[in-house]
Amino acid sequence: MEYTTFNFDCDITKKSITDFIKLISEHIRQYYETRDIGDELTVKYTICTSGGSIVEMLRFIDFIEICKNKYPKLFFISVATNFCYGLLMTCTAHKRLIENTADVYLCAVVSPVSSNMCFGDLDFESYTDNLNNMILDIYVKNSKLSKEELHLLTAKTVHLSAEDCITRGFADEICSI
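Residues numbered from 1 in each chain as written. Predicted model: local features only at pLDDT ≥ 70, side-chain atom pairs only at ≥ 80, totals over all residues. Heavy atoms only, no water.

## Here we look at helix α1 (residues 14-33)
- Compared with the 28 Å implied by 1.5 Å per residue over 20 residues, the 27 Å span of α1 between its first and last C-alpha is a close match.
- All buried positions along α1 are accounted for by S16, I17, F20, I21, I24, H27, I28, Y31 and Y32. Buried positions in α1, seen along its axis, are confined to an arc of 130° and lie on one side of it. Residues of α1 that are exposed and point more than 90 degrees away from the buried face comprise K14, K15, K22 and E33.
- Considering only its buried residues, α1 is in contact with β1 (4-8), β2 (41-47), α2 (54-70), β3 (74-80) and α3 (87-90). (Helix = DSSP H or I, 4+ residues; strand = E, 2+ residues; numbered from the N terminus. Expected span 1.5 Å × (residues − 1). Buried < 20%, exposed > 50% of the residue type's maximum accessible area, 1.4 Å probe, protein only. Arc of directions from axis to C-beta. Contact = heavy atoms within 4.5 Å.)

## A closer look at the pairing of strand β9 (residues 158-161)
- In β9, alternate side chains face the same way, and those of V158 and L160 are buried while those of H159 and S161 on the opposite face are not.
- Pairing analysis gives four bridges linking strand β6 (residues 103-106) to β9, with the strands arranged antiparallel. In the strand pairing of β9, D103 is matched with S161. (Pairing = 2+ DSSP bridges.)

## Concerning the sheet that holds β1
- In spatial order, the strands read β1-β2-β3-β5-β10; together these five strands make up an open sheet with parallel pairing. Of all the strands in the sheet, the pair left with one neighbour each is β1 and β10 (173-175). Each adjacent strand pair in this sheet contributes to an overall mean axis angle of 25°, direction not counted.
- Strand direction decides the pairing type here: strand β5 (residues 95-99) and β10, joined by three bridges, are parallel. Note that in β10 the partner of L97 across the bridge is E173.
- Strand contacts of α2: β2 and β3, with the helix running at about 150° to β3, the strand carrying the most contacts. (Axes fitted to C-alpha atoms, helices over the stretch in contact; angles between N-to-C directions.)

Quick look at the structure:
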């Protein structure tokens, strides 16, 4: 199987995610510019990050889902590497690899820090509740755990080994890079 690999190895910010999405989008656009939308394309992306914006992680996941819906033969392979806070970014790919030495961080539930902050019509607590539900729904859809199990697991800082990720269904196979 031929594929192009894209590496994300920086903090998760609006700019870094925008740049990463543009890079992958341009590759997909160029590929399908000269081919039929039914032609197969595999895109591999590697995530190695020390963390950042949960909202931007969710934006990247939306991008992956939109691509999967738009291009029926577009196949994503993700790799969580080394010390990775981006497990959420890797778990929605078609095939999810994890580096054998990986120590990944399971995105913890967002805690409200101030009850008087507002985001549009939502107070901060409602906003974080919405984020938490989105995160848990993504993990439920892409793991072997129930929402209750995930809620308990994400209530504290959790680092998982590659084997733990396989057992819990966050990755499909272990690889070495």
